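Residue-level listing of the chains:
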Amino acid sequence: MSTTRAEPGGAADAAAPGPGAGAADAAADRTADAAVSEPATAGPGAGPRRHRRTVARVLALLAVVLLLLGAWLASRVWQAVTALQDARDLLGDVALGTAVDAALDPALTDDLAAVRAATSRAAAASTDPVWRTAEHLPWAGEQLAAVRVVAGSLDAVAGQVLPAVEDLRALLGGGVRGPDGRVDVEALVPLVARVEEAAATASAARAVVAALDPDRLVGPLAEPVRTTQDALARVDEELGPAGRTAGVLPAMLGVDGPRTYLVLALNTAELRAAGGIVGTLVAVRVEDGRVTLADRRGARDLAGAGRLVLPLTAEESALWGDDLGRWAQNAVSTPDFPRTAELVVAHWARAGGGPVDGVLATDPVAVAGLVGATGPVPDPDGGDLGADRLAAALLRDAYVAHPEPADSDDYFGAVVASILDAVGAGAGDPRDLLAAGRDAVDERRLRVWSAHPDEQERLVATVAGGAFTSGPFADQPGIFLDDATQAKLGAYLATGVTFRDARCTGPDPAVTAVLRLEYRPPAGIEGFPRYVTGSPGPDVPVGTLLTAVSVWSAQGGPPLVVTRDGAPATGSTATADGRHVQRLASRLAPGQVQEVAVDVPLRDGAVTLWTTPTLTQPGVAAYRCR
C-alpha cells in the first residue's frame, strides 16, 4: 500500500490558484460590491424609470398649483360677479346721470355711495395678475375680459359722478347765492371741472362697454352686459349735455367780464314753432354772478318793424315768406333757435339796443316754475301772482282786462321784469331754482344761444341750444304748430302727443305718433276783443281757431305719412335743410277735437320727436320699444 507524502505547501499549495486566477477573483469582488451598492431592481431599464418618476412629481406639483390658482380665480370671479350684480341692482334705482336730482335728494347720494362700493369690489377682484393671465385662455379668457371691462367702466363712472354730486350738494347748501342774489362764480369752477371729467369718463366707458359683443358671452354674463350697455348709454346721454355746457357757465355768468343777454318772453297764446310769438324782450346785465335789468321793450316797439332785417334763404321764404325776417314776433317761426337768435339780435341792433352776448327764450310755463321757486311776484293790476295763477293771468286775463295790444304787452313785460328782478335780488332757494331750470330745459321751454363761437359750439350740441336743423339731431323728426288766426286763442288749446301701433321688428320699424288738438274756449268767445279772436276771414266764424301744422322728416329721410282724423291729409310741401316738410291746415270750432297721426321711423328701436311746447305738453315726445 502506498502512501502520499506531504510536501511542503502540499495541501495549502494545492488550494492556491493557478496562473490567471487573481484577475478572476478581483472581478468577483467587484461584482459582490456592486451587489451591495445597487438596488435589487437595478437593471437595463433603470434610467428611464427614474426620469418618469421625476416628471410625475413635477406634474403633481403643477396640478396642485393650478388647482390653487383655479380656486383663487374662481373666488375672484365670484367676488366680481356678485359685486356687479349688487351694482346692477342698485343702478336700477339710481339715475346716475342726473347729478341735480342727487343734489336735491339726499337719499340718492347714499345710493351712489353703495354703487361705488360695489363697483370698487368688482374692479379690485378683476384686476389681479392671475385674472389678467387667465384672460389669455381660449374662450374663458373672453368671458373674464368682459367682466373686467364692465367692472372697470362702472367703477370709473361711479367714481367720477359721486364726487360731482357731493360738490354740487355742498355748493348748493353752502350759499352759492348770497342774500343779494349774486352767484359765487368762483365756487362754480371746481364743480364745472368735476362735471366735465364725469361726462368724459361716462362717454369713454360707454364706448368701451359698447364694443363688447353679448352674443359671444355665456348666458349669465350676456344679459348683465346688455343691461350695463343700456345703463351707460343713459348716463352718457344725461351727463353729456351737462359736460358740454358746464364749461361755459362761469364765463356766461360774468367771471371774465360783464355780459348782456336778451331774454325773450314767448307768448304761448299765439303759437309759433318754438312755443309762441316774441312778446317782450328784456335785456339783462350779468357781471361776476350778479344779474340786473338793463332794458325792456315790446316786440312791436322795435324800430324798423316790417322791413327785412336779414336776408332769408330760398327755403325759408318758401316756408314762412318774408314775415320770418320782417317781424321780431315771427322770428320763432323756425324750429331752429340759433336762426331765431340771429334774427332777434339783428332786430335789437337795428332798434339801437346795442350788442348782446347771447339770447335766452322761455315761455309762461317755465316762468311759472321760476315763480314757484322765488315766491309770488307783484301783479301790475294789484295783488300778487303765484305760480298757479301766472299762466292764466298772462295768456287769458290780461287780454280781457287790457284789450289794447300795447297795454296787454306792457302787462306781460312788467310781470316778466318783476320775476327777473326777484331772481336777481336773491329770492328763491338755489335748489328750487336749479330744479325749475332743469325742468324747463328738459321740456324744451328754455333755449340758449351765445354770440361767442366757442360757447355756441357747446350749446348747439345740447337740447338747450334748440338747434333742430343746425345741431346734431338729424335723425329726429318734428311736428310744429303755428297760429294762423293772428289772435290769442292758443291759450284755450290743449295739445298732447301719444304713440300707438309700434312696429318694432321687420325691415322698416316705425311707430305712429298722434298729435291731439282740443279747443275749449269759454262760452261767448266770439264776444272777446278782436285782439283775442282775430279776423279769421269772411267764411270762418269768429272764435274759430286756425292752426298750421308742419310735419318735418328726419334729415335725408323720406316724406312722412300723415293722416288727419283717420283720412289722408293734404297740404303744401317743401324742403328745408335736407328735411321734407308737409304743412296742413287745422280748423277747430269751439269744443272740437282733431287728431293728426304721423308714421315716424324707429332708429335702434326708439325715436325722439320735437314738437311745439304748449300750455299742456312739453316740446318733446319720445318712444322706445320694450
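One can find the structure itself at the top, above this paragraph.
All of these numbers come straight from a predicted model, not from anything done at the bench. Each residue is numbered by its place in its chain's sequence as written, counting from 1. Only residues with pLDDT of at least 70 are given local features in this predicted model, and only at 80 or more are side-chain atom pairs given and counted; all residues enter the totals for whole chains, interfaces and linings. Only hydrogens and water are removed before side-chain values are computed, so all heavy atoms of the structure are retained for them.

A. Spatial organisation of the sheet that holds strand S10 (residues 510-519). If DSSP finds at least two bridges between two strands, the strands pair. Working definition: helices are DSSP H or I runs of at least four residues, strands are E runs of at least two. Numbering for both runs from the N terminus. Spatially, five strands are ordered S9-S10-S16-S12-S13 in an open sheet, and the strand pairing comes out antiparallel. Because the sheet does not close on itself, it has two edges, and the strands there are strand S9 (493-503) and strand S13 (567-568). Two elements, strand S12 (residues 561-564) and S13, share two bridges in a ladder whose sense is antiparallel. Bridging across to S13, threonine 563 finds its partner in proline 568.

B. The pairing of strand S2 (residues 277-287), seen in detail. Taken across its eleven residues, S2 has nine buried, putting it largely inside the fold. Strand direction decides the pairing type here: strand S1 (residues 259-267) and S2, joined by nine bridges, are antiparallel. Among the inter-strand pairings, arginine 259 is bridged to a residue of S2, identified as valine 286. Where S2 lies against strand S3 (residues 290-298), eight bridges are found, and the strand directions are antiparallel. The residue bridging valine 286 from the neighbouring strand is valine 291, located in S3. Count of turn residues in the S2/S3 antiparallel hairpin: two residues, of which aspartate 288 carries a positive phi of about 50°. Exposure categories follow from relative accessible area, calculated using a 1.4 Å probe and restricted to protein chains: below 20% of the type maximum is buried, above 50% is exposed, and the middle band is partly exposed.

C. Looking closely at the packing of helix H15 (residues 387-401) against helix H16 (residues 405-424). For helices, the axis comes from a line fit to the C-alpha atoms of the stretch in contact; other axes are also lines fit to C-alpha atoms, and the angle between any two N-to-C directions lies between 0 and 180 degrees. Contact pair H15 / H16: the axes reach a minimum separation of 9 Å and the direction vectors enclose 160°. Considering their axes alone, H15 and H16 lie roughly antiparallel with respect to each other. As H15 packs across H16, the resulting crossing turns out to be right-handed. For the pair H15 and H16, contact is made by Leu390, Ala393, Leu394, Leu395, Ala398 and Tyr399 and by Ser408, Tyr411, Phe412, Val415 and Ile419, respectively. Across the contact of H15 with H16, the residue classes break down as ten nonpolar, one polar and no charged. In this scheme, roughly parallel covers angles under 35 degrees and roughly antiparallel covers those over 145, while 65 to 115 is roughly perpendicular and the rest are oblique. It is the rotation of the near helix from the far one that decides the hand of a crossing: anticlockwise by less than a right angle makes it left-handed, clockwise makes it right-handed. The contact criterion used is simple: two residues touch if any of their non-hydrogen atoms lie within 4.5 Å. For this classification, the nonpolar set comprises Ala, Val, Leu, Ile, Met, Phe, Trp, Tyr, Cys and Pro, the charged set comprises Asp, Glu, Lys and Arg, and every other residue, Gly included, is treated as polar.

D. Main features of the nonpolar core. Counting residues in each nonpolar core, the largest one holds 62 residues, and the members touching the most others are Leu390, Leu515 and Val598. Each residue touching leucine 515, except ones within four places of it in the same chain, is listed here: Ile479, Leu481, Thr495, Gly496, Val497, Val549, Gln594, Glu595, Val596 and Gln617. Take the buried Ala, Val, Leu, Ile, Met, Phe, Trp, Tyr and Cys residues and link them wherever side-chain atoms come within 4.5 Å; each set so joined is a nonpolar core. Residues Leu264, Leu343, Val359 and Trp552 belong to the second largest nonpolar core, which totals 37 residues.

E. Summary view of helix H17 (residues 430-442). In this scheme, a helix's expected span is set at 1.5 Å multiplied by one less than its residue total. Spanning 13 residues, H17 covers 18 Å between terminal C-alpha atoms, matching the ideal 18 Å at 1.5 Å per step. For H17, every residue scored as buried is listed here: Pro430, Leu433, Ala435, Ala436 and Ala440.

F. Up close: the packing of aromatic side chains. For Phe, Tyr and Trp, rings pair up if their centres lie within 6.5 Å, where Trp contributes its six-membered ring, and each pair is then called stacked (planes under 30 degrees apart), edge-to-face (over 60) or tilted (otherwise). Under the definition given, this model contains eight aromatic pairs. Where tryptophan 320 meets tryptophan 552, the ring centres are 6.3 Å apart and the plane angle is 20°; that geometry is what we call stacked. In this pair, tryptophan 320 sits in helix H11 (residues 314-320) while tryptophan 552 sits in strand S11 (residues 545-552), placing the two residues 232 residues apart along the sequence. We note that tryptophan 320, like tryptophan 552, is buried. For the ring pair phenylalanine 468 and tryptophan 552, a centre distance of 5.8 Å and an interplane angle of 80° mean the geometry is edge-to-face. Here the residue phenylalanine 468 occupies a position in the loop between helix H18 (453-459) and strand S8 (478-483), and tryptophan 552 occupies one in strand S11, the gap between them amounting to 84 residues. One exposure class covers both phenylalanine 468 and tryptophan 552, and it is buried. Linked through ring pairs, Trp320, Phe468, Phe473, Phe480, Trp552 and Trp610 together constitute an aromatic cluster. The rule is short: NZ of Lys or CZ of Arg within 6 Å of the ring centre and within 35 degrees of the ring normal puts a charge over the ring. Taking the ring centre of tryptophan 610 as reference, the NZ or CZ of arginine 444 above it sits at 5.6 Å.

G. Local environment of the layout of surface pockets. Cavity means a closed set of points on a 1 Å grid over the protein atoms alone, one where a 1.4 Å probe fits but cannot get out, pocket means an open set with protein on both sides within 12 Å along at least 5 of 7 lines, and lining means a residue has an atom within 4 Å of a point. Grid points are joined across faces, edges and corners, and a volume is the space filled by probe spheres set on the points. Estimated volume of the second largest pocket: approximately 680 Å³. Surrounding the second largest pocket, 26 residues form its lining, Glu270, Arg272, Gln329, Asn330 and Gln486 being those nearest its centre. For the lining of the second largest pocket, the secondary-structure elements that each account for two or more residues are S2, helix H12 (323-326) and S8. For the lining of the second largest pocket, the element with the most residues is S2, which contributes three residues. The residue inventory of the lining of the second largest pocket, partitioned by class, reads eleven nonpolar, six polar and nine charged.

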